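Close look at the chain arrangement
One-letter residues, chain by chain:
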Amino acid sequence: MFKKSKEISEKINENLSRHYMKKIEEHLEQNNSEQYENDTAEDSLEEITKILEEDEYQPVGMVVFESLGLCAPLFWLVYNCVMEAWSKLVFNIPLAIVGGILLIVVWKNYFKKRNENKTLQKEKNRGSLLLLLLIIIGVAFWLILAVGMSEIQEYIFAEKGWLFYANSNLSIWLFIILDVAIVCAIIFLILEKFSKNSEWELGSIKFIKKHWKTIGIIVIIISYIAITGVTFVTEDKIVYRNWLHPMGVTYSYEDVTEVKTGYKGGIGSSKGDFYYKARFDGRWISFSETNPNEKVKRYNDTYMEIEAFDKQLMKYHPKKQSSHKNEKNADLEQVYIDRFNRIIDNK
């Protein structure tokens, strides 16, 4: 056991040494190396010690940025308590405790360093206000991107007289990843450009600048896959699209052969969420997350489009697998749970 601990300790020290050597090399590259040629060993040691000490200080903007992530379990805990989603507290409470402890440690370390050298900490904090402003702007921009993606899908793929559409799970996750990546890249590019603080000269930014063409191509490919992963539903047909079938595959309501619906099980935040998927000619299509056409007046409440769609499909007597299992984990208002239960019981 002690031998294993020693190996781990040596590995950590090795990684730290590499980290600090990289910092020193970057410092020498950024400054004229000729000025160090006549330095004594004591001068060089003093310079290296200064570099290592400065590396221990974090900008307050980065501390706030880290704190937002650590606060996520705490916000989630408050939300679950308000929504009375008690079953989710089993996983939520331990995460909230860990997040709270790390939050205290992060800020304790920041104030400790600040008290040791206020001048250096003040220098490190340059650009932090800009970071906080960019985070606020970035969140707003993220929402604009999300809405913009939906608008693009409606503009390009919407069928005449469409009732609602549903994105594939892959499309939804790619949207989220793409939006977050774009916003973070923009924030740090602007920060590096205008903050005049070398602390923000991140390796990831250098990587983006060096490989911007390749990254641009990857972003275009991901955007294409995300945007094409959509299914539009009209009064008489279902038009399914994905990256392999951008022009769409059309099914009629009569083509439905099977339906699966109920509440999700397993673990995690999705436990108790409603799901609905239908099989058309061997292909399963998910309709769990839908976006109704605002011009269609019949859908005056949330999830009404799924209930109406289910009634249409069941007229053709497909096999239906449905269950109320995990209903107790649903954390929605009762009116929506009642609607889901009507869908589950409609056979």
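The present account deals with the structure reproduced in this document.

Observations concerning the overall build of the protein chain
Looking only at helices and strands, one finds 11 helices and 9 strands in the protein chain. Split into buried and exposed, the 347 residues of the protein chain put 33% on the buried side. Counting only carbon and sulfur atoms, one obtains 61% of the accessible surface of the protein chain, whose full area is about 21900 Å².

Quick look at unusual backbone geometry
Here His 317, not a glycine, exhibits a phi torsion of approximately 55 degrees, which is positive. With respect to the helices and strands, the residue His 317 is situated in the loop between helix H10 (304–314) and strand E9 (319–322).

Points about a negative patch on the surface
A cluster of like negative charges, contributed by Asp 236, Glu 254, Asp 255 and Asp 281, occupies part of the molecular surface. Looking at where Glu 254 falls in the secondary structure, it is placed in the loop between strand E4 (245–251) and strand E5 (256–263). Here Glu 254 falls in the partly exposed class, since its relative accessible area comes to 49%.

Some points on the side chain of Glu 258
Secondary-structure assignment places Glu 258 in strand E5. On the basis of relative accessible area, Glu 258 is assigned to the buried category, the value being 10%. Only 2.6 Å separates the side chain of Glu 258 from the side chain of Gln 321, close enough to count as a polar contact. Every residue in contact with Glu 258, bar those within four places of it in the chain, is listed here: Lys 277, Ala 278, Arg 279, Trp 284, Pro 318, Lys 319 and Gln 321.

A short note on the pattern of salt bridges
Counted under the stated rule, the structure contains 9 salt bridges. A salt bridge links Glu 116 to Lys 113; the shortest N-O distance between them is 3.6 Å. With Glu 116 and Lys 113 both in helix H4 (residues 89–116) and 3 residues apart, this pair spans about one turn of that helix. Under the relative-accessibility criterion, Lys 113 is labelled buried at 14%. When the shortest N-O distance is used, the salt bridge between Glu 159 and Lys 237 registers 3.6 Å. Of this pair, Glu 159 sits in the loop between helix H6 (128–157) and strand E1 (164–167) while Lys 237 sits in the loop between strand E2 (230–233) and strand E3 (238–242), and the two are 78 residues apart along the sequence. Judged by its relative accessible area of 28%, Lys 237 falls in the partly exposed class. Salt bridges linked by common partners bring Asp 301, Glu 307, Arg 339 and Arg 342 together as one network.

Quick word on the environment of Trp 76
Mapping Trp 76 onto the fold places it in helix H3 (residues 60–82). Residue Trp 76 is classed as partly exposed on the basis of its relative accessible area of 24%. Trp 76 sits 16 residues away from Asn 92 along the chain, and the two C-alpha atoms are 7.3 Å apart.

Remarks on the nonpolar core
Ranked by internal contacts, the top residues of the largest apolar core, which has 27 residues, are Ile 238, Tyr 276, Phe 280, Phe 287, Phe 309 and Leu 313. Counting residues per element, the ones that place at least two in this core are E1, E3, E5, strand E6 (274–280), H10 and helix H11 (334–345). With sequence-adjacent residues up to four places away left out, Ile 238 is seen in contact with Thr 231, Phe 232, Val 233, Val 249, Thr 250, Tyr 251, Ser 252, Tyr 253, Phe 280, Ile 285, Phe 287 and Phe 309. Trp 162, Leu 178, Ile 227 and Phe 232 belong to the second largest nonpolar core, which has 11 residues in total.

Side note on the sheet that holds E3
A sheet is described by the order of its strands in space; here 5 strands give the open sequence E4-E3-E2-E1-E8, paired in antiparallel fashion. The strands lining the two open edges of the sheet, one partner per strand, are E4 and strand E8 (290–292). Strand after strand, the sheet turns through a mean of 20 degrees between neighbouring axes, direction not considered. When E3 meets E4, the two strands line up antiparallel, connected through 4 bridges. Opposite Tyr 240, over in E4, you have Val 249 as the bridge partner. Each of E1, E2, E3 and E8 is contacted by H10, which is oriented at about 95 degrees to E8, the strand it contacts most.

A few points about the packing of aromatic side chains
Enumeration over the complete set of coordinates arrives at 17 aromatic pairs. Seen in terms of ring centroids, Tyr 110 and Phe 111 are 5.3 Å apart; in terms of plane orientation they differ by 75 degrees. Their pairing is edge-to-face. The partly exposed category is assigned to Phe 111, whose relative accessible area is 40%. Three or more aromatic residues joined by ring pairs make a cluster, and in this case those are Phe 164, Tyr 253, Tyr 276, Phe 287 and Phe 309. In this structure, Arg 298 is placed above the aromatic ring of Tyr 299, and the distance from its NZ or CZ to the ring centre is 5.8 Å.

Here is what the cut-offs are and how they apply
Residues numbered from 1 in each chain as written. Predicted model: local features only at pLDDT ≥ 70, side-chain atom pairs only at ≥ 80, totals over all residues. Heavy atoms only, no water. Helix = DSSP H or I, 4+ residues; strand = E, 2+ residues; numbered from the N terminus. Buried < 20%, exposed > 50% of the residue type's maximum accessible area, 1.4 Å probe, protein only. Areas by Shrake-Rupley, 256 points an atom, 1.4 Å probe, with all protein chains shown as cover. Patch = residues over 30% accessible without salt bridge, like charges linked within 9 Å, V, L, I, M, F, W, Y side chains within 5 Å. Salt bridge = Lys/Arg side-chain N within 4 Å of Asp/Glu carboxyl O. Lys, Arg positive; Asp, Glu negative; His and termini not counted. Charge placed at Lys NZ, Arg CZ, Asp CG, Glu CD. Polar contact = N/O pair within 3.5 Å; in protein donor to acceptor, adjacent residues only side chain to side chain. Contact = heavy atoms within 4.5 Å. Core = buried A, V, L, I, M, F, W, Y, C linked by side-chain atoms within 4.5 Å. Pairing = 2+ DSSP bridges. Axes fitted to C-alpha atoms, helices over the stretch in contact; angles between N-to-C directions. Phe/Tyr/Trp six-rings, centres within 6.5 Å; stacked < 30°, edge-to-face > 60°. Lys NZ or Arg CZ within 6 Å of the ring centre and 35° of its normal.

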